[in-house]
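Listed here are the chains, written in short residue letters.
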Amino acid sequence: MIGKFIVLEGPDGSGKSTMAQKIGQYFSELGREIEFTREPGGTDISEKIRELILDRNNTEMDYRTEALLYAAARAQLVNEKIIPWLEDGKIVISERYVYSSLVYQGLGRDLGMEEIKKINDFGTSGLKPDMVLLLDVDPEKALKRKLSIDGGDRLENENISFHRDVYEGYKCLSDFCPEVRTIDAERTIDEIFQEIKDIINSF
Ligand code: TYD
């Protein structure tokens, strides 16, 4: 495939959208075609699954159901959109990918990283990103910012110890997945983006 698949990861409120926009702008100034996507979502079917997963009223949802729904939304996105975009030579920038499931469902929900990897390898046909950037910020700070903006969704309204587990999970993600690059995201937007540009240019 001649395109490039770039994934942004990090806790809720870590600034993934801002960096996605800046990376997109950078590549489009280089004359590349860009596609943005977010998970869960990004296709009609995946957006419907997203509503199911994040609905604050679905308090009875089993953790395994949750994990399978994330994987199902992702399978649709990868097969309907991401693979064709990459085959067309586009730069695909995704907020979140399999890594979110490894951390939130594998560790946060305690379902195990290996199990989560298995269902996602099936769902994505094993599609791997070219670059994975992990925005590292203190989860309490990030979450406070997010909840003060929109009140938060079902996952964001989990108690802080869930988000702490998720954060600890992100911290050890690069041991399980060596392709993950960790970036200190408690700096100015310009400083963070400068580091990302250096990584892009070293590829
Ligand atoms: P969203 O509002 O898109 O959050 P963000 O802007 O931080 O990405 O909501 C996505 C939520 O779903 C977020 O709390 C993380 C969670 N999530 C998982 O638990 N597993 C996953 O595989 C994915 C993609 C997201």
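Let us look at the structure shown here. (Residues numbered from 1 in each chain as written. Predicted model: local features only at pLDDT ≥ 70, side-chain atom pairs only at ≥ 80, totals over all residues. Heavy atoms only, no water.)

Structurally, the position occupied by Ser101 is in helix 4 (residues 98-108). Residues within four places of Ser101 in sequence aside, it is in contact with Tyr70, Arg74, Gly106, Ile116 and Asn120. (Helix = DSSP H or I, 4+ residues; strand = E, 2+ residues; numbered from the N terminus. Contact = heavy atoms within 4.5 Å.)

Moving on: the packing of aromatic side chains. Tallied over the entire structure, the rule returns six aromatic pairs. Members of the aromatic cluster, connected to one another through ring pairs, are Phe5, Tyr97 and Tyr99. Sitting over the face of the ring of Tyr97, Arg74 holds its NZ or CZ atom 5.9 Å from the ring centroid. (Phe/Tyr/Trp six-rings, centres within 6.5 Å; stacked < 30°, edge-to-face > 60°. Lys NZ or Arg CZ within 6 Å of the ring centre and 35° of its normal.)

Here we come to the sheet that holds strand 4 (residues 131-136). The sheet built from five strands is open, its strands ordered 2-3-1-4-5 with parallel pairing. At either margin of the open sheet sits one strand with a lone partner, and together these are strand 2 (34-38) and strand 5 (180-184). Within this sheet the neighbouring strands show an average axis-to-axis angle of 20°, counted without direction. In this sheet, strand 3 (residues 91-95) lies alongside strand 2 in parallel orientation, the contact comprising five bridges. (Pairing = 2+ DSSP bridges. Axes fitted to C-alpha atoms, helices over the stretch in contact; angles between N-to-C directions.)

A separate point is the site of the ligand. Of all residues adjacent to the ligand, which total 17 residues, the nearest are Asp12, Tyr70, Arg96, Ser101 and Gln105. Interatomic distance of 2.7 Å between a side-chain N/O atom of Arg96 and an oxygen atom of the ligand. The protein chains hide 93% of the 540 Å² of surface that the ligand would expose on its own. Elements with a contribution of two residues or more to the shell around the ligand: helix 2 (44-54), helix 3 (63-87) and helix 4. Here the shell around the ligand gets four residues from one element, more than from any other, and that element is helix 4. Tallied by class, residues from the shell around the ligand come to five nonpolar, three polar and nine charged. (Near = heavy atom within 4 Å. Polar contact = N/O pair within 3.5 Å; in protein donor to acceptor, adjacent residues only side chain to side chain. Areas by Shrake-Rupley, 256 points an atom, 1.4 Å probe, with all protein chains shown as cover. Nonpolar A, V, L, I, M, F, W, Y, C, P; charged D, E, K, R; others polar.)

Here the focus is the packing of helix 1 (residues 16-29) against helix 8 (residues 189-201). Interaxial distance between helix 1 and helix 8 falls to 11 Å at its minimum, and their mutual angle equals 50°. Between helix 1 and helix 8, the angle falls in the class oblique. Read as a crossing pair, helix 1 and helix 8 show a hand that is right-handed. Every residue of helix 8 that contacts helix 1 at Thr18, Met19, Lys22, Ile23, Tyr26 and Phe27 is listed here: Ile189, Asp190, Ile192, Phe193, Ile196, Lys197, Ile200 and Asn201. Here the contact of helix 1 with helix 8 is built from residues that sort into nine nonpolar, two polar and three charged. (Parallel < 35°, antiparallel > 145°, perpendicular 65-115°, else oblique. Left-handed = near helix turned anticlockwise from the far one by under 90°.)

With ten of eleven residues buried, helix 4 lies mostly within the body of the structure. Tucked inside the fold, the buried residues of helix 4 contact strand 1 (4-9), helix 3, helix 5 (113-124), strand 4, helix 7 (160-176) and strand 5. (Buried < 20%, exposed > 50% of the residue type's maximum accessible area, 1.4 Å probe, protein only.)

This part is about the packing of helix 4 against helix 7. Closest axis-to-axis distance for the helix 4/helix 7 pair is 9 Å, and the angle between their directions is 125°. Viewed along their axes, helix 4 and helix 7 adopt a mutual orientation that is oblique. Considering how the two elements wind past one another, helix 4 and helix 7 form a crossing that is right-handed. Along the contact surface, helix 4 presents Tyr99, Ser100, Leu102, Val103, Tyr104, Leu107 and Gly108, while helix 7 presents Phe162, Asp165, Val166, Gly169, Tyr170, Cys172, Leu173 and Phe176. Grouping the constituent residues of the contact of helix 4 with helix 7 by class yields eleven nonpolar, three polar and one charged.

Below, the discussion takes up the environment of Ile83. Following the sequence through the fold, Ile83 ends up in helix 3. Under the relative-accessibility criterion, Ile83 is labelled buried at 18%. Between the alpha carbons of Ile83 and Phe5 there is a distance of 9.4 Å; along the sequence they are 78 residues apart.

Here we take up the pattern of salt bridges. One pass over the structure, following the stated rule, counts 13 salt bridges. A salt bridge links Arg164 to Glu140; the shortest N-O distance between them is 2.7 Å. Pair noted here: Arg164 is in helix 7 and Glu140 is in helix 6 (residues 139-150), with a separation of 24 residues, a long-range link. Glu140 sits in the partly exposed class, given a relative accessible area of 31%. (Salt bridge = Lys/Arg side-chain N within 4 Å of Asp/Glu carboxyl O.)

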